[in-house]
Amino acid sequence: MTADPLLKVTNLTKVYTGRPSLVGRMLGRAPVNVRAVSDVSLSVNRGEILGLIGESGCGKSTLGRAILRLHEPTAGKVEFGGTDITALPAPDMKAMRRRMQIIFQDPYASLNPRRTVAEIVGLPLQLHGLAKTRSEMREKVALMLEKVGLKAGQLDRYPHQFSGGQRQRIGIARALISNPEFIVCDEPVSALDVSIQAQIIQLLQDLKREFALTYLFISHDISVIGYLSDRVAVMYLGEIVEMGPVESILARPRHPYTQSLMSAVPEVEASDKSQRVQLSGDLPSPLSPPSGCKFHTRCPLAIDICRQRQPETERVGTGHTAACHRLKENLSLLEGARA
Ligand code: SF4
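All figures in this text were calculated on a predicted structure; none of them were measured in a lab.

### A word on the sheet that holds strand S10 (residues 239-245)
Inference 1: Taken in spatial order, the 8 strands line up as S6-S7-S8-S3-S9-S10-S12-S11 in an open sheet, and their pairing is mixed. Each edge of the open sheet carries a strand with a single partner, namely strand S6 (100-103) and strand S11 (313-317). Ignoring which end each strand starts from, the neighbouring axes of this sheet average 20° apart.
Inference 2: Of the strands in this sheet, strand S3 (49-53), S6, strand S7 (182-186), strand S8 (214-219) and strand S9 (231-236) touch helix H2 (residues 60-67), which is tilted by about 155° from S8.
Inference 3: Here helix H7 (residues 194-211) sits on the sheet in contact with S3, S6 and S8, set at roughly 160° to S8.

Following this line, the structure appears as structure tokens:
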């Protein structure tokens, strides 16, 4: 792996505008803006896995889709291989999509039940003109099915004839068939049985090596993220609150939210229990996010300034950043707990 950014995201923001209900419109209510992703900056080096972790509804999937322009960003820039893709016209973006793919969370919902595996996996070949004849397409799909652990003889079957794990393998084959460089893996194992999850994670690792891929791996599961990632970005209510090398994030999480995610992992040593941060309450609604630091409504370290001012992102170690007003005090607490 080289420190060569394949993907660079700068101040990316995605705002959805919701129309008020019929009654709301009759009462003259204005459309509601939801800031699902707010000013996110990050980069992913070629050959790297950047793990993106956060609770359901925090904006992880929206960020993944905005990066690929499946949902158009409201503001900010996405550069891929040195090209600003946010400025690309539609035909150029279509060509770029061959190089940037996505694996979806739900292998049941993401495959068209009326299409055969050959048609589903072969579609990107058609879209990008990568197979001249039907037989060439079938040959390429058959080869790819074998790469993901399915059989070439299953080409003409339909999605319902496969198990959940096999369907996710079909989704992976569809993402890989156009020979991309970068894949957004959007919770690719969360809908699967635990026994199948490890197989799919292993497959994604093997394919990454074989095809020299780069992943943005989205998950709400810190164990999966910790196992797979080279670097980790922690997201809370649309913002990146901490980011750094996986070893540093796991051994020395500096943001109280990251600490609370770590506390939920049973394998954390008993000696570290005194530093555990218990997460209370639910994720606030992005419709009316808290003022200042968005985590203040759940943070055990919150003080007045947290409610008033958004914290700046600060460097806390090599390649490790966090956004919190109480980084120094929190470090003393961490060290005290370890002493
Ligand atoms: Fe907690 Fe304040 Fe830090 Fe936010 S800024 S994480 S509320 S201590």
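Right, picking up where we left off after that structure.
### Comments concerning the pattern of salt bridges
Inference 1: For the coordinates displayed, the defined rule picks out 14 salt bridges.
Inference 2: Among the ionic pairs, Arg-298 bridges to Glu-55, the shortest N-O distance being 3.0 Å. Linking Arg-298 in the loop between helix H10 (256-263) and helix H11 (304-308) with Glu-55 in the loop between S3 and H2, this pair joins segments that are 243 residues apart in sequence.
Inference 3: Of the charged contacts in the structure, one is a salt bridge between Asp-186 and Arg-65, with a shortest N-O distance of 2.6 Å. Taken together, the positions of Asp-186 in strand S7 and Arg-65 in helix H2 put the pair 121 residues apart, joining distant regions of the chain.
Inference 4: Taking relative accessible area as the criterion, Arg-65 reaches 17% and is therefore assigned buried.
Inference 5: Linked by salt bridges that have partners in common, Arg-46, Arg-99 and Glu-181 make up one network.

### Description of the nonpolar core
Inference 1: Within the largest apolar cluster, 88 residues are counted, with the highest numbers of intra-cluster contacts made by Leu-7, Leu-42, Leu-63, Ile-67, Met-100, Ile-172 and Phe-182.
Inference 2: When neighbours within four sequence positions are excluded, Ile-67 is seen to be in contact with Leu-7, Val-9, Leu-12, Val-78, Ile-85, Met-100, Phe-182 and Leu-216.

### So, the packing of aromatic side chains
Inference 1: All chains considered together, the criterion is met by 4 aromatic pairs.
Inference 2: Centre to centre, the rings of Tyr-236 and Phe-295 are 5.0 Å apart; their planes meet at 80°, and the pair counts as edge-to-face. One end of the pair, Tyr-236, is in strand S9; the other, Phe-295, is in the loop between H10 and H11, with 59 residues separating them in the sequence.
Inference 3: For Tyr-236, a relative accessible area of 1% gives the class buried.
Inference 4: Residue Phe-295 is classed as buried on the basis of its relative accessible area of 2%.
Inference 5: Taken together, the ring pairs in this structure connect Tyr-236, Tyr-257 and Phe-295 into an aromatic cluster.

### A closer look at the side chain of Arg-298
Inference 1: Since its relative accessible area comes to 6%, Arg-298 is described here as buried.
Inference 2: Engagement of the side chain of Arg-298 in a polar contact is seen with the side chain of Tyr-236, the distance being 3.2 Å.
Inference 3: Sequence-distant contacts of Arg-298, that is, excluding residues within four places in its chain, are made with Glu-55, Tyr-236, Leu-279, Ser-280, Gly-281, Asp-282, Leu-283 and Pro-284.

### Things to note about the pairing of strand S4 (residues 75-80)
Inference 1: Pairing of strand S1 (residues 5-18) with S4 involves 5 bridges; the strand directions are antiparallel. Looking at the pairing, Lys-8 lines up with Glu-79 of S4.
Inference 2: Linkage of S4 to strand S5 (residues 83-84), two consecutive antiparallel strands, is achieved through a turn of 2 residues, within which Gly-81 is found at a positive phi near 55°.

### Comments concerning the packing of helix H6 (residues 164-176) against H7
Inference 1: Look at H6 against H7: their axes get within 11 Å of each other, and the N-to-C directions meet at 20°. Relative to H7, the element H6 is oriented roughly parallel. Between H6 and H7 lies a crossing whose hand is right-handed. Contact with H6, carried on its side by Gly-165, Gln-168, Arg-169, Ile-172 and Leu-176, involves Ile-196, Gln-199, Ile-200, Leu-203, Leu-204, Leu-207 and Phe-211 of H7 and no other residues of that element.
Inference 2: Looking at side-chain class alone, the contact of H6 with H7 contains 8 nonpolar, 3 polar and 1 charged residues.

### Re the state of the cysteines
Inference 1: One pass over the full model with this rule turns up 0 disulfides.
Inference 2: For the unlinked cysteine Cys-58, the closest cysteine sulfur is that of Cys-293, found at 14 Å.

### Concerning unusual backbone geometry
Inference 1: In this model, Asn-179 sits at a positive phi of 60°, which is unusual for a non-glycine residue.
Inference 2: In this fold, Asn-179 is placed in the loop between H6 and S7.
Inference 3: The exposure class assigned to Asn-179 is partly exposed, which follows from its relative accessible area of 49%.
Inference 4: The backbone of Glu-187 shows a phi angle near 50°, a positive value even though the residue is not glycine.
Inference 5: You can see Glu-187 is positioned in the loop between S7 and H7.
Inference 6: The exposure class assigned to Glu-187 is buried, which follows from its relative accessible area of 6%.

Basis of the calculations
Residues numbered from 1 in each chain as written. Predicted model: local features only at pLDDT ≥ 70, side-chain atom pairs only at ≥ 80, totals over all residues. Heavy atoms only, no water. Pairing = 2+ DSSP bridges. Helix = DSSP H or I, 4+ residues; strand = E, 2+ residues; numbered from the N terminus. Axes fitted to C-alpha atoms, helices over the stretch in contact; angles between N-to-C directions. Contact = heavy atoms within 4.5 Å. Salt bridge = Lys/Arg side-chain N within 4 Å of Asp/Glu carboxyl O. Buried < 20%, exposed > 50% of the residue type's maximum accessible area, 1.4 Å probe, protein only. Core = buried A, V, L, I, M, F, W, Y, C linked by side-chain atoms within 4.5 Å. Phe/Tyr/Trp six-rings, centres within 6.5 Å; stacked < 30°, edge-to-face > 60°. Polar contact = N/O pair within 3.5 Å; in protein donor to acceptor, adjacent residues only side chain to side chain. Parallel < 35°, antiparallel > 145°, perpendicular 65-115°, else oblique. Left-handed = near helix turned anticlockwise from the far one by under 90°. Nonpolar A, V, L, I, M, F, W, Y, C, P; charged D, E, K, R; others polar. Disulfide = S-S within 2.5 Å.

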